[in-house]
Structure formats: structure tokens, C-alpha cells
Amino acid sequence: MKKAASVFLCADINSNDIMNLIKWLQDESVTQFLNEYEFATAELNYLYDNVPEFMYTFHLNHSGRFFMIYSEHREPIGFLRFNDISDQNACEIVFAIGEKHLWGHGYGKSAVGEALKYAFFERRVEKVIANIYKGNLRSMRTVSRCGFRPELSGNKLTRFTVTSDDFISKAKIV
């Protein structure tokens, strides 16, 4: 039996992390299902060139919470972001494994699982939302395996949600 992937979420962002983010966001196969805005890499380059390293974390957390996903070997392999939803006690999760050779090895599932623990036990949100493009079957499987359920389906996106009660009750079974 294959061992489950092990990850940890790192909130402290350094210059190596910024360079990895730039590399991943310039790779169309990594970003094809992300809704990153057009100038994200330019802003990261500006950050790298003009902002002291100790301020990176502050800048990346201005509209939610940002984490780098690190493998069990302490190598950056992706990123995860929570966007606050101001009118609800909820947040949206966005995640990507940037190292393509690690796709399909369970790192996304492990990262989302760790993120849900953070969201429900530390941030105390009631619900986490994942808006996933229809063609992104890998991410749909990932969130489904982490307890998310489809809530709303449109032409381009499917909204998946998991509540804290659902997450906690599932954790009791496991």
C-alpha cells in the first residue's frame, strides 16, 4: 500500500517561496484552472525586487490567509490561500500543487485536510467554500475526498462546501 503524502503549511514566506510562486504562476498547466489575475507574477516580481523579505508574509495575507505547501522533505511544492468572505463566517479555499511531477500523489488532499483543520479549529469559520472549474477533475476529487459536497453548479464552476459540523463529525468516524 502506498503511503499517504505528508505536507505542512508554512505561513512565513521567504524569497525562495516568492521565486517558486512566480515559476508556478508562469506555467499554464499549473494555472489553467486558477482564477489568478493577469498581473500576479508582475506583482510578485515587484515584491521580490522592492520589499524587504520580512514583509512578504504581510503582503500575501492582505485579503485572507496565505500558505506555502511544503512536502515532508521541507521543499515548497505548492500554495494555498483562504479568501475571507466578509458577509458570512466562511472563507474560500484556493490551492495548487505547483510541482507537476507530484500531481496525483495525494499532496493536494493532505494540504486541503491540513487547511481545514486550520480553518475550523483556529479561525473558527463555519464553512469553507471551493469554487472549481468544471474541467478540473483532479481538484474536484481532492475536495470531495476531504468532505466537501457540491452545493451549486454553473456553466463554468461548481461550488463545493464543507461545514465545520460536517468536518468534525467525519473526523470522529476516522
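Just so it is clear, the model here is predicted, and its values are computed rather than measured.

Draft legend 1. Structural view of the layout of surface pockets. Empty space within the largest pocket amounts to approximately 790 Å³. Lining the largest pocket are 34 residues, and of these Phe95, Ala96, Asn136, Arg138 and Ser139 lie nearest its centre. Secondary structure elements with two or more residues in the lining of the largest pocket: helix H2 (28-31), strand E3 (76-85), strand E4 (90-97), helix H5 (107-122), strand E5 (127-133) and helix H6 (137-145). Here the lining of the largest pocket gets six residues from one element, more than from any other, and that element is E4. Class assignment of the residues belonging to the lining of the largest pocket gives a composition of 15 nonpolar, 12 polar and seven charged.

Draft legend 2. Main features of the nonpolar core. The biggest cluster of nonpolar side chains holds 33 residues, and the ones touching the most others in it are Ile69, Leu80, Phe82, Ile93, Leu116, Val128 and Phe148. Mapped by element, the contributors of at least two residues to this core are strand E1 (7-10), strand E2 (64-71), E3, E4, H5, E5, H6 and strand E7 (157-163). At eight residues, H5 tops the list of elements feeding residues into this core. If near-sequence neighbours (up to four positions away) are discounted, Leu116 is found in contact with Phe121, Val128, Cys146, Phe148, Val162 and Phe167. Counting residues in each nonpolar core, the second largest holds 21 residues, with Leu21, Trp24, Leu34 and Leu60 among its members.

Draft legend 3. Fine view of the pairing of E5. As paired strands, E4 and E5 are joined by three bridges and run parallel to one another. By the bridge assignment for E5, Cys91 is matched with Val128. Taken together, E4, H5 and E5 form a β-α-β motif whose crossover is right-handed. Sheet topology places E5 next to E7; seven bridges connect them, and they run antiparallel. From the neighbouring strand, Ile132 faces E7, where its bridge partner is Thr158.

Draft legend 4. Structural context of the packing of helix H1 (residues 15-25) against helix H3 (residues 40-50). Where H1 meets H3, the axes come as close as 9 Å, and the angle between the chain directions of the two elements is 160°. Here H1 is positioned roughly antiparallel relative to H3, judged by the angle of their axes. Crossing of H1 over H3 shows left-handed handedness. On the side of H1, the interface is formed by Ser15, Ile18, Met19, Leu21, Ile22 and Leu25, while H3 contributes Ala40, Thr41, Leu44, Asn45, Leu47 and Tyr48. Across the contact of H1 with H3, the residue classes tally to nine nonpolar, three polar and no charged.

Draft legend 5. Main features of the environment of Glu151. For Glu151, the position within the fold is in strand E6 (residues 149-153). Relative accessible area serves as the criterion here: at 42%, Glu151 is assigned to the partly exposed category. Discounting residues that sit within four places of it in the chain, Glu151 has contacts with Lys127, Arg159, Phe160 and Thr161.

Draft legend 6. The arrangement of a positive patch on the surface in detail. There is a patch of like positive charges on the surface, built from Lys109, Arg138, Arg141, Arg145 and Lys170. Per-element tally for the positive patch: the top contributor is H6, with three residues. Structurally, the position occupied by Lys170 is in helix H7 (residues 164-173). Look at Lys170 and you get partly exposed, because its relative accessible area is 35%.

Basis of the calculations
- Residues numbered from 1 in each chain as written.
- Predicted model: local features only at pLDDT ≥ 70, side-chain atom pairs only at ≥ 80, totals over all residues.
- Heavy atoms only, no water.
- 1 Å grid on protein atoms, 1.4 Å probe; cavity = no way out; pocket = protein on both sides within 12 Å on 5 of 7 lines; lining within 4 Å.
- Points joined across faces, edges and corners; volume = space filled by probe spheres on them.
- Helix = DSSP H or I, 4+ residues; strand = E, 2+ residues; numbered from the N terminus.
- Nonpolar A, V, L, I, M, F, W, Y, C, P; charged D, E, K, R; others polar.
- Core = buried A, V, L, I, M, F, W, Y, C linked by side-chain atoms within 4.5 Å.
- Buried < 20%, exposed > 50% of the residue type's maximum accessible area, 1.4 Å probe, protein only.
- Contact = heavy atoms within 4.5 Å.
- Pairing = 2+ DSSP bridges.
- Right-handed = clockwise from strand over helix to strand, strands pointing away.
- Axes fitted to C-alpha atoms, helices over the stretch in contact; angles between N-to-C directions.
- Parallel < 35°, antiparallel > 145°, perpendicular 65-115°, else oblique.
- Left-handed = near helix turned anticlockwise from the far one by under 90°.
- Patch = residues over 30% accessible without salt bridge, like charges linked within 9 Å, V, L, I, M, F, W, Y side chains within 5 Å.
- Areas by Shrake-Rupley, 256 points an atom, 1.4 Å probe, with all protein chains shown as cover.
- Salt bridge = Lys/Arg side-chain N within 4 Å of Asp/Glu carboxyl O.
- Lys, Arg positive; Asp, Glu negative; His and termini not counted.
- Charge placed at Lys NZ, Arg CZ, Asp CG, Glu CD.

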